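# Remarks on the overall topology
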Amino acid sequence: MLCVAGKTKVAKITMTDWPKIEQEHRPWTRWWWPGSAVTSEEITRHLQAFHKAGIGGVEISPIYAVPGQETRSVPYLSECWMQMLKHTLSEARRFYMGVDIITGTGWPLGGSWVPTADGPLKLYLQNFKMGEAIRSKEKPEAELTALVGFFNDQILNLTDKVNADGQLKWEAPPGNWSLIGAFVLNTGQQVKRAGPGGEGNVLDHLSAPAVQRYLEHFDEPLKQLNGEMPRCFFNDSYEVFGANWTTDLWRQFEQRRGYDLRHHLISLNGEGDKETVSRVRSDYRQTVHELLLEEFTGQWTKWAHEKGAQTRNQAHGSPGNLLDLYAAADVPETEVFRTAFIEIAGLKPLPGTPLQGELKEEIFVCKMASSAAHVAGKKLCSSESFTWLGEHGKVPLEHAKTEVDLLFTTGINHIFFHGTPFSPSDAPWPGWMFYATTHMAPSNPFWRDISALNAYIARCQSFLQSGTPDNDILLYLPIYDLWAQDKGSRDNLQFMTVHNAPDWLGAMSGYKQACERMWDRGYAFDSISDAQIQSVQFTNGALQAPGASYRVLVVPNSHFMPLGTLEKLVQLAHSGATILCVGDLPQDVPGLVDLTARRAKFQNVIRKIKSGLRVVRNTENFLSYGVGKGAISVSKDLEELFAAAKIPRESLTDDNLEFVRRRDGDGWIYFVVNLGKTRVDKWLDFAAPQKALSAIGFDAMTGITGKLPVRNRNGKTQIYLQLEVGGSLLIRALPQKVETPVLGVYETSPTHLPLNGPWHIEFVEGGPQLPSARKIKELSDWTTWTQDDEQLRAFSGTARYSVHFARPAITADGWELYLGEVCHSAHVRLNNHDLGKVIARPWRVRFEPSLLQDENLLEIEVTNLMANRLADLDRRKIDWHPFNFVDINYEPFDASNWEPVPSGLIGPVRLMPLQKKDVKE
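All of the points below concern the structure found in this document.

The rules behind the values
Residues numbered from 1 in each chain as written. Predicted model: local features only at pLDDT ≥ 70, side-chain atom pairs only at ≥ 80, totals over all residues. Heavy atoms only, no water. 1 Å grid on protein atoms, 1.4 Å probe; cavity = no way out; pocket = protein on both sides within 12 Å on 5 of 7 lines; lining within 4 Å. Points joined across faces, edges and corners; volume = space filled by probe spheres on them. Helix = DSSP H or I, 4+ residues; strand = E, 2+ residues; numbered from the N terminus. Nonpolar A, V, L, I, M, F, W, Y, C, P; charged D, E, K, R; others polar. Pairing = 2+ DSSP bridges. Contact = heavy atoms within 4.5 Å. Axes fitted to C-alpha atoms, helices over the stretch in contact; angles between N-to-C directions. Disulfide = S-S within 2.5 Å. Buried < 20%, exposed > 50% of the residue type's maximum accessible area, 1.4 Å probe, protein only. Salt bridge = Lys/Arg side-chain N within 4 Å of Asp/Glu carboxyl O.

This model, assessed by the stated rule, comprises nine cavities of 30 Å³ or more. Around the second largest cavity, the lining is made up of 18 residues, and of these Lys-367, Thr-409, Trp-519, Ala-524 and Phe-659 lie nearest the centre. Of all the secondary-structure elements, those providing two or more residues to the lining of the second largest cavity are helix 9 (361-376), helix 14 (509-521), strand 18 (525-528) and strand 27 (657-664). Of all the elements, strand 27 adds the most residues to the lining of the second largest cavity, at four residues. Partitioned by chemical class, the residues of the lining of the second largest cavity number seven nonpolar, seven polar and four charged.

Strands sit in the order 19-20-21 across an open sheet of three strands; the sheet is antiparallel. Where the open sheet ends on each side, the last strands, each with one partner, are strand 19 (537-539) and strand 21 (549-550). For strand 19 and strand 20 (residues 542-544), the ladder comprises three bridges, and the chain directions are antiparallel. Following the sheet pairing, Thr-539 is matched in strand 20 by Ala-542. The strands touched by helix 16 (residues 563-575) within the sheet are strand 19 and strand 20, with strand 19 carrying the most contacts at an inclination of about 5°.

This model, assessed by the stated rule, comprises zero disulfides. With no disulfide of its own, Cys-460 lies closest to Cys-381 among cysteine sulfurs, the gap being 16 Å. Here Cys-515 is not cross-linked by a disulfide; its sulfur's nearest cysteine counterpart is in Cys-366, at 12 Å. Among the residues examined, Cys-515 registers a relative accessible area of 1% and is labelled buried.

Turning next to the sheet that holds strand 13 (residues 331-337). The eight strands lie next to each other as 2-3-4-11-12-13-14-15, forming a closed barrel whose pairing is parallel. Averaged over all pairs of adjacent strands, the angle between strand axes in this sheet comes to 30°, irrespective of strand direction. Of the pairings in the sheet, the one linking strand 11 (residues 232-235) to strand 12 (residues 310-313) comprises four bridges and is parallel in character. Within the sheet, the bridge partner assigned to Cys-232 lies in strand 12 and is Gln-310. Lying over the sheet, helix 1 (residues 40-53) contacts strand 2 (28-34), strand 3 (57-63) and strand 15 (414-421), oriented at roughly 160° with respect to strand 2.

One pass over the structure, following the stated rule, counts 61 salt bridges. Arg-649 is the salt-bridge partner of Asp-654, the closest N and O atoms lying 2.8 Å from each other. Classification of Asp-654 by relative accessible area gives partly exposed; the value is 45%. The partner of Glu-650 in a salt bridge is Arg-661, and the shortest N-O contact between them spans 2.8 Å. You can see Glu-650 sitting in the loop between helix 18 (638-645) and strand 27 and its partner Arg-661 sitting in strand 27, a full eleven residues away along the chain. For the pair Glu-650 and Arg-661, one class covers both residues: buried. Salt bridges here are not isolated pairs; linked through shared partners, they connect Glu-24, Arg-30, Glu-59, Asp-100, Arg-231, Asp-236, Arg-312, Glu-333 and Glu-384.

Take a look at the structure:
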């Protein structure tokens, strides 16, 4: 927390002001409609509550009905349902909110209007001996789509020689012929968690005709909106299980890859020459990627644009290149699952939530979505946030803020809560809940303080959605190295999911190592695909992508690279670009067709590069090849390459600070968060603004702004920062001097003035019952005050703590109130002056000395979590969750044996005097 030293003045230039908070700056939430059992009155009530809490928009997600409440259900896309959507759009506009909707119900896309012929298909391969019936042993009901005979170099398509009984009517020529059959079967997958009217087959995402027919089903209902569309149509993460085929794949493959895949079924099945197997499977995976990109994502986005809307897409989980798939939508969206981010930040989940361990790979998955947005020039990159962040009722706002902070540092700038279920007003507490979420809803006690989190997110995103990305490095994603391997593959495909990220990132070890090195060392980077590289030009001394500019492009120890990509890199170097290759130059082309010719051209380009050798260092550990006006350099050491190319790093990471950086006009914007274990109080180097003359600090938690100490030393801008553990700050660095009040820089005082009791406690809101008021001498967990007081153990809600104290005898320039341990959010008032809400580390508020009186009243309203009340319901065997409900391990939910979650103000509460610190610039 920060406070302004001196009197508040009006900033003379707008660069010192907070941006105006817009609809998309605020966090949005996924709004589940169980059974779509909504009414216009209830929709208005919910939206009004969301607006009051600071939520900027909703994503409507129809799901299954609550058992016993089916009569309330509104069938999906029915006239009544469309009227409810129309009312939502109208009321959201009235409350200055936005609306997105899923392009279906539940997930993945599908519904009652998807015939079996348009459903997802799976390919089964099987070897046969002559005389055997040609039927799939694994799936006897599967349909034969190809039977091929092989002998030496002879390949015969025998499909039309198999009769309806599976008998091969063919007299084989002399030779030891082998047979392999390809069978196709609809997976039968149904839409998961489908809402009424949306149940049915999942869609074949690889078939353009199937996708077209699917989308056409929406055309007539959408006319009822009279042109007022949702902002975005949404697609949840790709979870089309087992699907690896489409009806048209034989033709599509040959058209795209240049050969008949049926002639290489043995290789596709993993038999024979290992290199041929690898190349055929790579071609197959590339083809599936292109179909998913063009037949589904591209067509879906074009359809939305024709409707006057945009698309928001979770590409992860796909058997394709995530960078291209994310970039094909208007708003790429990533996802964070379980506790990895809070553990990276040094927090632990509450008891009952399984430890996930530090999974830094999830950071790099998130950066794929933001990289796609940055390179392609998409303003927004969103995140499904807080999915299973903890067990039900055991996620404090502090954990949510911490996950948000780390998401911001990965480049995310449009937070979606996961999420908020619709719940009718007559549903008893806790209302209707969804099983796989952090319950961001009014029935959660922390809703009382959620406006503080929402205001924090809005202030941060008002900066992070402005300007343009300012990353120095483009990192090539060697997708063909992944597609050439079978590690982690399923059904002959590589699925790039959030949950198995260590597997598929590990298959591109050079890429993963480069990500880890750059993240840990403070190098600002975005990833880029082969297709995206084709859109890059070198102009005005920089690599210009459609959405941002970069200094260098890094190829991370990649074996396979398409000839077209290599030629583009050479073209960029000719124009003056610097290309950095870790380990060695790329070694080979991917794929099978025309291999000899393509390989010869590839090696010819490599020879031309090497002919420009001009610098050798460290006994050939570093090689630099002159290419036109630029260079292609090679080294085993990534940082040696950066040093030679004069690429700076942000040494903030040496102090366990994480950051994201953007350009805005002629200045820079930083978001910095302290995820370490110690307070930072020092001058810090900032790499990008080499000669900044001013730095403005924006404290997003309090809304306070002011000038920071800044100086230039050895060609670097240094800014003096004081950041507590868990603290964050937005910084605007400017090349000109500005007149604005300063943010106070204070000495940490060894003097701590404890605020001892007696404390008066009054329970003001919550249930199941309000415990009686009482006085205590020492602060502690209220669930332990009286061991036999079930009211205290069961209570979830808010208690007001009040204490009187005399004016301290110490003179100070400012004061800091340290709350100690808070379970789990607090609203602080001093002498009836609102000091704000405190929801996370460092659990402190600052205030001016003028607020102190001879006799002072401190009031702290502390709100705990909903866990203890949920446990009470289960102990009393109340059937409170008729809806489908499981715990974080996907077992039937039962909280009856839970120990009470610590609750209340545990302290110690202290006053700390602050003295101004003289920082010489």
